[in-house]
Amino acid sequence: MNFFEVIRFSLRGLSANKLRSALTMLGILIGVAAVILLVAVGNGSAKTISDRIEALGTNTITVMSTGRGGSSSTSLTKDMADALTDKEMAPDVKSVSPVVSSSATMTYEGADHSVGTFVGTTPGWFAASTTPVGRGAAFTEDDVDQGRRVVVIGKTVAEELFPGVDPIDEQVTVGGALFTVIGVLEEKSSTGFDDSNDTAVAPLTAVQQVLTGYGALTSIIVEAADPDKVDAVQGQVSTILNQKLDVDSSSTSTPYRIQNASSLLETQTETADTFTTLLGAVAAISLLVGGIGITNIMLVTVTERTREIGIRKALGAPRRVILTQFLIEASLLSVLGGALGVAAALIGSQFEIVGVKPVIVPSSIGYAVGVSIAIGLFFGGLPAARAARLRPIDALRYE
């Protein structure tokens, strides 16, 4: 009996009980689809977070107050931000953007919208935070100096307040004051948990006057002249702030915290890889369950076909033919189930899962299908060996 005849007998054996074969393939299908989709969700989450961190600019650092010290003397101020532009003390600094932020409600012709983040800053913020203006224009240094009430809004704000209307040059009310819309930011990707486009940006002085007051800054964004100089800039910023805040350079506790975007990205990548591996390992358990199902089904199949095996062996079928046939049957269940699982995963990846757009990892497809075939061979080995060991006389006597 040649290989193709063995395949034909295997397919006939599987088709003899279509429902049982279908249920076994379903177990493999679920396992393979789960592995591919969960890895895709982990990869998609990692990509989204990485995009958000990179959107901050990998050549920037963000200085935030920790609140330690309990007095205004330990708060970040506009004077401190101005000191960071000193070319002698901070030669590698390209730009400094003081930031105040608040939530606010914007009103236009009776329509209200609560803006998630209303930012007050300087023009350098747009480049430092990689948040370009898509339509219209950004405000200028003169707007900041004069405290002009102009605002650049995000895509979500534009859609909520100005459906079907060009928002440029329209006036909105914020905190009881009128602001003129001069631009709309380019659309940014969102994490699924918050909306990056639900934002508005206005001159620092105008926001302080209307919303936040002239107190402490929320943060200071410092842009390095070169991505390779980020660590050097971090050291220069620390030196200047320590002088301004009278902090001992040897102190391990400071009233401010510096967030390095490139370091954060590296840490996040390592964490995401671990998270994705964990998701894949958890999903692989369902493949193992599917393999156990193959063993049970094939043992039942061998028992039901004992007399058939006896007749074939009595007619001269060698042990290896019987062994090969049942191994092929088990492998076919795994291969067909795996192929259907890949198709299900590819379809499922077209939809958002828990707010995340899955990103298929090609290697996970090969891994899942390869493991499913290995499971078919491994878990089908015991039933196949049992069938091959049957003595013809015992098999023919089986009732």
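Higher on the page you've got the structure.
This structure is a prediction, so every number in the text was calculated from the model and none was measured.

Chemist: Would you explain the side chain of serine 349 in this entry?
Modeler: With respect to the element layout, serine 349 can be found in the loop between α11 (319-348) and α12 (362-389). Here leucine 346 takes part through its backbone oxygen, which lies 2.7 Å from a polar atom of the side chain of serine 349. Ignoring sequence-local partners within four residues, the contact set of serine 349 consists of Leu37, Lys357, Pro358 and Ile360.

Chemist: Help me out: how do you make sense of the packing of aromatic side chains in this one?
Modeler: For any two aromatic rings, the description comes down to two numbers: the centre-to-centre distance and the angle of the planes. Enumeration according to the criterion identifies 4 aromatic pairs in this entry. Taken together, a centroid distance of 5.4 Å and an interplanar angle of 80° make the contact between tryptophan 125 and phenylalanine 126 edge-to-face. Accessibility classification places tryptophan 125 together with phenylalanine 126 in one group, the buried group. Geometrically, the ring pair formed by phenylalanine 126 and phenylalanine 139 is edge-to-face, given 5.3 Å between the ring centres and 65° between the ring planes. With a gap of 13 residues between them, phenylalanine 126 in helix α4 (residues 124-128) and phenylalanine 139 in the loop between β4 (133-136) and α5 (141-146) connect regions that are remote in the sequence. Per residue, the accessibility class of phenylalanine 126 equals that of phenylalanine 139, and both read buried. Ring pairing ties together the aromatic residues Trp125, Phe126 and Phe139, which thus form one cluster.

Chemist: How should the nonpolar core be read in this particular structure?
Modeler: Nonpolar side chains tend toward joint burial in soluble globular proteins. Met106, Ile153, Val172 and Val222 are the most contacted members of the largest nonpolar core, which has 47 residues in total. Listed in part, the 22 residues of the second largest apolar core include Met25, Ala33, Met298 and Ala317.

Chemist: In this structure, what is going on with unusual backbone geometry? I would like to understand it.
Modeler: Peptide bonds are, in most cases, trans, and in most cases residues other than glycine have a negative phi. The backbone of glutamate 109 sits at a positive phi, close to 50°, despite the residue not being glycine. Using a relative accessible area of 70% as the deciding quantity, one classes glutamate 109 as exposed. At aspartate 169, a residue that is not glycine, the phi angle is positive and equals roughly 75°. Tracing the chain through its elements places aspartate 169 in the loop between α6 (155-161) and β6 (171-174).

Chemist: Is there a simple way to think about the environment of isoleucine 221 in this case?
Modeler: You can see isoleucine 221 is positioned in strand β9 (residues 219-224). Each C-alpha atom of the pair isoleucine 221 and proline 98 lies 6.4 Å from the other, and the pair is 123 residues apart in sequence. Not counting the four nearest positions on each side in its chain, isoleucine 221 is found in contact with Thr60, Ile61, Thr62, Ser95, Val96, Ser97, Val99, Trp125 and Ala128.

Reading the values: rules and limits
- Residues numbered from 1 in each chain as written.
- Predicted model: local features only at pLDDT ≥ 70, side-chain atom pairs only at ≥ 80, totals over all residues.
- Heavy atoms only, no water.
- Helix = DSSP H or I, 4+ residues; strand = E, 2+ residues; numbered from the N terminus.
- Polar contact = N/O pair within 3.5 Å; in protein donor to acceptor, adjacent residues only side chain to side chain.
- Contact = heavy atoms within 4.5 Å.
- Phe/Tyr/Trp six-rings, centres within 6.5 Å; stacked < 30°, edge-to-face > 60°.
- Buried < 20%, exposed > 50% of the residue type's maximum accessible area, 1.4 Å probe, protein only.
- Core = buried A, V, L, I, M, F, W, Y, C linked by side-chain atoms within 4.5 Å.

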